[in-house]
Amino acid sequence: MKTKSLHIGSWLVFCVLAISCSRSHAPKYAPEEIVRRWAEMTLFITKNTPANSPTFASRAMGYIGLTMYESVVPGFSDYRSVADQLNGTLVLPGTTDQHYDWVLALNAGQAQILRSIYIQTSDSNKLRIDSLEKAVLKMYSPMLDRKTIQRSVDFGSAVADSIFHWSMSDGGHRGYLHNFDKTMVHPEFPGSWKPPLYSQSISHFPLHPYWGKNRTFVKANADLKTPDMIPYSEDKNSAYYHQYLEVYQKEKTLTQAEKEAAIWWGDDPDVTFTPPGHSFYLAMKVMDQTHPDFILATMTYARVGLAVADAFINCWKWKYHFFSERPNTYIPAHIDKDWVSFWPDPPFPAFPSGHAINAGAATTILQELYGEQITVVDSSHAGRHRDEVRNVDFVPQSFTSLSQLARAVADSRFYGGIHTHQDNDIGLQEGARIAQNIIALKWKKAQ
């Protein structure tokens, strides 16, 4: 509750300043800060919209980030649209040689795409989006003539509408309406996934088993080779057995810091902005340290959004291809019948780790843009009530490099007892590979 109050207070101060700006004719917030405000709004709506999931949220981050960039890129001569490089036909509106205000274009585009993607959010959340849109409009309008204002707003809204219309054909449109598939026939074989008895979710049905068939943003990410997985074995000398033995042994020796990491990165969609939202948040924290200009800030969110969206599509494709079990199945059957993981299982197969592939994708984008050695203090869950079940507090996590951060995200699922090292290592590897295909797009005209 404390964290939510801080966000609400920040937003109210922003709106008060916007009103005062209309009197002083000078914006109190630079364009880069408007970008940040809309990223914060995205995280708030993601966190506070029911029936959300990591899969649907990853998709949302992709379209929201893309809209952010495409609504402003015509105003920057060194940069170019990526619409014609994406997987499928995305046709965006053009501009004229008349003047546009790109902050107002971004503002209108973000409001429109959020309302469209999260159409199921509450009326109070929709009013919050409307209020931020009006506050920014009020802040920037006094310096502009009426036609420029309208032209800019219309362009941003049209970009959002075009992107949303394109999104409707990707296979994930309104995916929150059918999160759990009750009709899927589970394949049965040694090492196959079993619905968890000890679960994060009230549902034991699998989450979005067909998400892997969705259209990726980048064609190269639809054509990736399926990674290899260690073959099933009950032999105590096998590599497969030792993957689970390591999980079992770690649960018995967890330090307090490891327990704190396990709950911090849980990112339960019922109470947080999900793992993809966490990546958006971490991008924000990196930019707090590096202070990019307006266009680079929008491009950062676009790249991170596209990367995590494609990462989750591939992750879910591979999860349901292998349909692999979790430690809570293998360990009680072959190592210790009374064993239970520190953190509860999510309702989908194990290999590869969604947290790891998400972290690998996001940090690879951020490394390419801002370098490796960046100190990040993650306070996203600060103020949450302690986890009384596990007797652990939510303690902010600090990192001195992006590689360290990515590894920590992956390892947290090992500490939680819901993933093996193999799940995490392949997840990080594949996430980085997916991100490189986003980076390879021609974002600048000189490329």
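Coordinates for the structure precede this section.
Let me begin by describing the structure that accompanies this report. These numbers were taken from a predicted model, which means no experiment stands behind them. (Residues numbered from 1 in each chain as written. Predicted model: local features only at pLDDT ≥ 70, side-chain atom pairs only at ≥ 80, totals over all residues. Heavy atoms only, no water.)

**Thoughts on the overall build of the protein**
And step 1. Per the secondary structure count, the protein includes 14 helices and two strands.
And step 2. Relative to the compact-globule value of 22 Å for 447 residues, the protein shows a C-alpha radius of gyration of 22 Å, a close match.
And step 3. Based on the C-alpha atoms only, the size of the protein along its principal axes is roughly 75 × 45 × 40 Å.
And step 4. Put simply, the protein has 447 residues, and 59% of those count as buried.
And step 5. Counted over contacts in the protein with a minimum sequence separation of 6, partners at least 24 positions apart contribute 85%.
And step 6. Surface accessibility of the protein: about 17,800 Å² in total, with carbon and sulfur atoms responsible for 55%. (Helix = DSSP H or I, 4+ residues; strand = E, 2+ residues; numbered from the N terminus. Rg over C-alpha atoms; globule rule 2.2 N^0.38 Å. Buried < 20%, exposed > 50% of the residue type's maximum accessible area, 1.4 Å probe, protein only. Contact = heavy atoms within 4.5 Å. Areas by Shrake-Rupley, 256 points an atom, 1.4 Å probe, with all protein chains shown as cover.)

**What about the packing of aromatic side chains?**
Two descriptors summarise a pair of aromatic rings, namely the distance from one centre to the other and the angle between the planes of the rings.
And step 1. For the structure on display, the rule yields 25 aromatic pairs.
And step 2. Both rings, one in Phe 280 and one in Tyr 301, keep their centres 4.9 Å apart while their planes meet at 45°; by these two values the pair is tilted. Of this pair, Phe 280 sits in helix H9 (residues 274-290) while Tyr 301 is found in helix H10 (residues 294-322), placing the two residues 21 residues apart along the sequence. Take Phe 280 and Tyr 301: they sit in the same class, and that class is buried.
And step 3. On the basis of an interplanar angle of 50° and a centroid distance of 4.6 Å, the ring pair of Trp 316 and Phe 348 is categorised as tilted. Here Trp 316 is found in helix H10, whereas its partner Phe 348 is found in the loop between helix H11 (327-334) and helix H12 (354-370), with 32 residues between them in sequence.
And step 4. Overall, the relative accessible area of 1% leaves Trp 316 in the buried class.
And step 5. Each residue in the set Tyr 232, Tyr 240, Tyr 241, Tyr 244 and Tyr 330 is aromatic and connected to the rest through ring pairs, giving one cluster. (Phe/Tyr/Trp six-rings, centres within 6.5 Å; stacked < 30°, edge-to-face > 60°.)

**What about the pattern of salt bridges?**
And step 1. Summed over all chains, the structure comprises 20 salt bridges.
And step 2. We note a salt bridge from Lys 250 to Glu 258, for which the minimum N-O separation is 3.1 Å.
And step 3. Residues joined by salt bridges that share partners form a network here, namely Glu 33, Arg 36, Arg 37, Glu 40 and Asp 288. (Salt bridge = Lys/Arg side-chain N within 4 Å of Asp/Glu carboxyl O.)

**Some points on H10**
And step 1. Spanning 29 residues, H10 covers 42 Å between terminal C-alpha atoms, matching the ideal 42 Å at 1.5 Å per step.
And step 2. For H10, a buried count of 27 out of 29 residues is recorded, marking the element as mostly surrounded by other parts of the structure.
And step 3. Immediately beyond the C-terminal end of H10, within one or two residues, lies Phe 323, with a positive phi of roughly 50°. (Expected span 1.5 Å × (residues − 1).)

**Notes on helix H8 (residues 256-264)**
And step 1. Buried within H8 are the following residues: Glu 258, Glu 260, Ala 261, Ala 262, Ile 263 and Trp 264.
And step 2. Buried positions along H8 lie against helix H7 (239-251), H9, strand E1 (376-378), strand E2 (397-399) and helix H13 (402-415).

**Remarks on the packing of H12 against H13**
And step 1. For the pair H12 and H13, the least separation of the axes is 9 Å and the interaxial angle reads 175°. Compared by their axis directions, H12 and H13 come out roughly antiparallel. Between H12 and H13, the contacting residues are His 355, Ala 356, Ala 359, Thr 363, Leu 366 and Gln 367 on the first element and Leu 402, Ser 403, Leu 405, Ala 406, Val 409, Ala 410 and Arg 413 on the second.
And step 2. Counted by class, the contact of H12 with H13 contains eight nonpolar, four polar and one charged residues. (Axes fitted to C-alpha atoms, helices over the stretch in contact; angles between N-to-C directions. Parallel < 35°, antiparallel > 145°, perpendicular 65-115°, else oblique. Nonpolar A, V, L, I, M, F, W, Y, C, P; charged D, E, K, R; others polar.)

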